[in-house]
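Each chain, written out:
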Amino acid sequence: MLVNLNDVLLPARKKGYGVGLFNTVNLELARGVLKAAEELKSPVIIGTAEILLPCGPLEDLAGLLVPMAKKASVPVVVHYDHGLTFEKCMEALKLGFTSIMYDCSTDSYEENVRKVRELVRIAHCFGATVEAELGHVGDNEEQTAHNGADVPESYYTDPAQAKEFAEKTQADALAIAVGTAHGAYKFKPKLDFDRIKRIAEMVHVPLVLHGGSGLSEEDFRRSIACGISKVNIFTDINEAAGKAAEHAIREGKNCLTDMIPCQVEAVAEAVKAKIRIFGSEYKALTDISI
């Protein structure tokens, strides 16, 4: 069933588990994600990001993901992740995405507030939800530039400012910067769990952890215990699909149709592992009533 972020994250926040966003760029990834969610009876968030559009055009993916979500046996949010332009966010809404992450985190605080508040007003008219970001979740090139040291705290989300930001924008979820980074980690990340807890105590909306791929089980469980309700994953399932194709080739399966089932299954297994860690297994049966 097709739902928005509030339908899956508000119960997650209340009961202390996490729901995964698994970005997809093709049918194989999408099938693997939904297979895992349905088998484990878990709500799930599926979508794509603006940076991934060269791999899967927005209109094509909307035509794929929205119908798949509607016929799924579990609640599925179709989410446009890291929307960088107002125009693309609007396109996603018109194509049927039920949630938008509008990333204005590199703008000034005042501009971030203004732009997010405007999109929230519009998205809510579509029945869609909006995730914003405060602070800056960079990529692992930044981490490498610091030789694995902590990213400067000037990038981290300030708890008091987060409270004000959430109230001013009326965003439905807030991505926070607490030491994670996008992409494959070259150094062990150092998460600021105390900061997560302080923000969760002050902010009334569900919190989001970006840069989830590569974190340890302990990192995930502790982050969720401190107040994270949504965890973003892409690299882990992307690599799982790639390794499955590589393995198939080594086994003499050189046709694409021979590789596809292997990729779907590999993605499903990777997603199942995350669902179990996040604690959302069977929550589609108990927490969601649409």
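Residue positions within a chain follow its written sequence, with the count starting from 1. Local features in this predicted model are restricted to residues of pLDDT 70 or higher, and side-chain atom pairs are both shown and tallied only at a pLDDT of 80 or more, whereas totals for entire chains, interfaces and linings draw on every residue. For the side-chain quantities, the full set of heavy atoms in the structure was used; hydrogens and water were omitted.

1. Topic: the overall build of the protein
Here comes step 1: When helices and strands are tallied, the protein shows twelve helices and nine strands.
Here comes step 2: Taken over the C-alpha trace, the protein has a radius of gyration of 18 Å; the compact-globule value for 290 residues is 19 Å, and the two agree within 12%.
Here comes step 3: Seen through its C-alpha atoms, the protein measures out along the principal axes to roughly 55 × 45 × 35 Å.
Here comes step 4: For the protein, with 290 residues in total, the buried portion stands at 57%.
Here comes step 5: The contact criterion used throughout is that any non-hydrogen atoms of two residues lie within 4.5 Å. Expressed as a percentage of contacts within the protein between residues at least 6 apart in sequence, the contacts between residues at least 24 apart total 74%.
Here comes step 6: Accessible areas in this description were obtained via Shrake-Rupley with a 1.4 Å probe; residue shielding takes into account the shown protein chains only. Total accessible area on the protein stands at roughly 12,300 Å², and carbon and sulfur atoms take up 52% of it.
Here comes step 7: Both charge centroids of the protein, one from 32 positive and one from 41 negative side chains, sit 5 Å from each other. The secondary structure listing takes helices from DSSP runs of H or I that are at least 4 residues long and strands from runs of E that are at least 2 residues long, numbered from the N terminus. Each radius of gyration is computed over the set of C-alpha atoms, and the globule rule expresses the reference value as 2.2 Å times the number of residues to the power 0.38. The buried label applies to any residue whose accessible area, calculated with a 1.4 Å probe on protein chains only, is under 20% of its type's maximum; exposed applies above 50%, and partly exposed to all values in between. In this tally Asp and Glu are treated as negative and Lys and Arg as positive; neither His nor the chain ends contributes. A charge is said to be at NZ when it belongs to Lys, at CZ for Arg, at CG for Asp and at CD for Glu.

2. A few points about unusual backbone geometry
Here comes step 1: Positive phi, close to 50°, is recorded for His82, a residue that is not glycine.
Here comes step 2: For His82, the position within the fold is in strand S4 (residues 76-83).
Here comes step 3: Residue class for His82 comes out buried when judged on its relative accessible area of 12%.
Here comes step 4: For Gln170, which is not glycine, the phi torsion reads 60° and is therefore positive.
Here comes step 5: Considering the arrangement of structural elements, one finds Gln170 in the loop between helix H7 (159-169) and strand S7 (173-176).
Here comes step 6: Take Gln170: its relative accessible area is 45%, and that puts it in the partly exposed class.

3. A look at helix H10 (residues 235-250)
Here comes step 1: Under the convention used throughout, the expected extent of a helix is 1.5 Å for every residue step, that is, one less than its residue count. Between its first and last C-alpha, H10 extends 22 Å over 16 residues, near the 22 Å set by a 1.5 Å rise per residue.
Here comes step 2: Three or more residues of H10 are buried, namely Thr235, Ile237, Ala240, Ala241, Ala244, Ala245 and Ala248.
Here comes step 3: Check the buried side of H10 and you find it contacts strand S2 (19-23), helix H2 (27-39), strand S9 (228-233) and helix H11 (256-278).
Here comes step 4: Phi turns positive, to about 85°, at Gly252, one or two residues after H10.

4. Digging into the state of the cysteines
Here comes step 1: Counting rule for disulfides: a pair of cysteine sulfur atoms within 2.5 Å. Across all of its chains, the model carries zero disulfides by this definition.
Here comes step 2: The structure places no disulfide on Cys55, whose sulfur is separated from the nearest cysteine sulfur, that of Cys89, by 19 Å.
Here comes step 3: With relative accessibility at 56%, the residue Cys55 sits in the exposed group.
Here comes step 4: The thiol sulfur of Cys104 is not disulfide-bonded, and the nearest other cysteine sulfur, from Cys89, lies at 7.6 Å.
Here comes step 5: Residue classification places Cys104 among the buried positions, given a relative accessible area of 1%.

5. Considerations on the pairing of strand S6 (residues 129-134)
Here comes step 1: Burial runs high along S6: six of the six residues are buried.
Here comes step 2: Every second residue of S6 is oriented toward a common face, with Thr129, Glu131 and Glu133 on one face and Val130, Ala132 and Leu134 on the other, all of them buried.
Here comes step 3: By the bridge criterion, three bridges tie strand S5 (residues 99-102) to S6 in an arrangement that is parallel. From the neighbouring strand, Ile100 faces S6, where its bridge partner is Val130.
Here comes step 4: Consider the strands pointing away from the viewer: the crossover is right-handed when the path from the first strand over the helix to the second runs clockwise. Between the parallel elements S5 and S6, the chain passes through helix H5 (residues 109-125) in a crossover that is right-handed.
Here comes step 5: By definition, two strands form a pair when at least two bridges between them are found by DSSP. Note: S6 against S7, four bridges, orientation parallel. Residue pairing across strands places Glu131 opposite Ala173, the latter belonging to S7.

6. Section: H5
Here comes step 1: For H5, built from 17 residues, the straight-helix expectation of 24 Å at 1.5 Å per residue is met to within 8% by its first-to-last C-alpha distance of 25 Å.
Here comes step 2: Within the sequence span of H5, burial applies to Tyr109, Asn112, Val113, Lys115, Val116, Leu119, Val120, Ile122 and Ala123.
Here comes step 3: Residues of H5 that are buried make contact with helix H4 (86-94), S5, S6 and H7.
Here comes step 4: Looking one or two residues past H5, Gly127 carries a phi angle of roughly 80°, positive in sign.

Bear in mind that shape data such as this cannot, by itself, settle questions of function.
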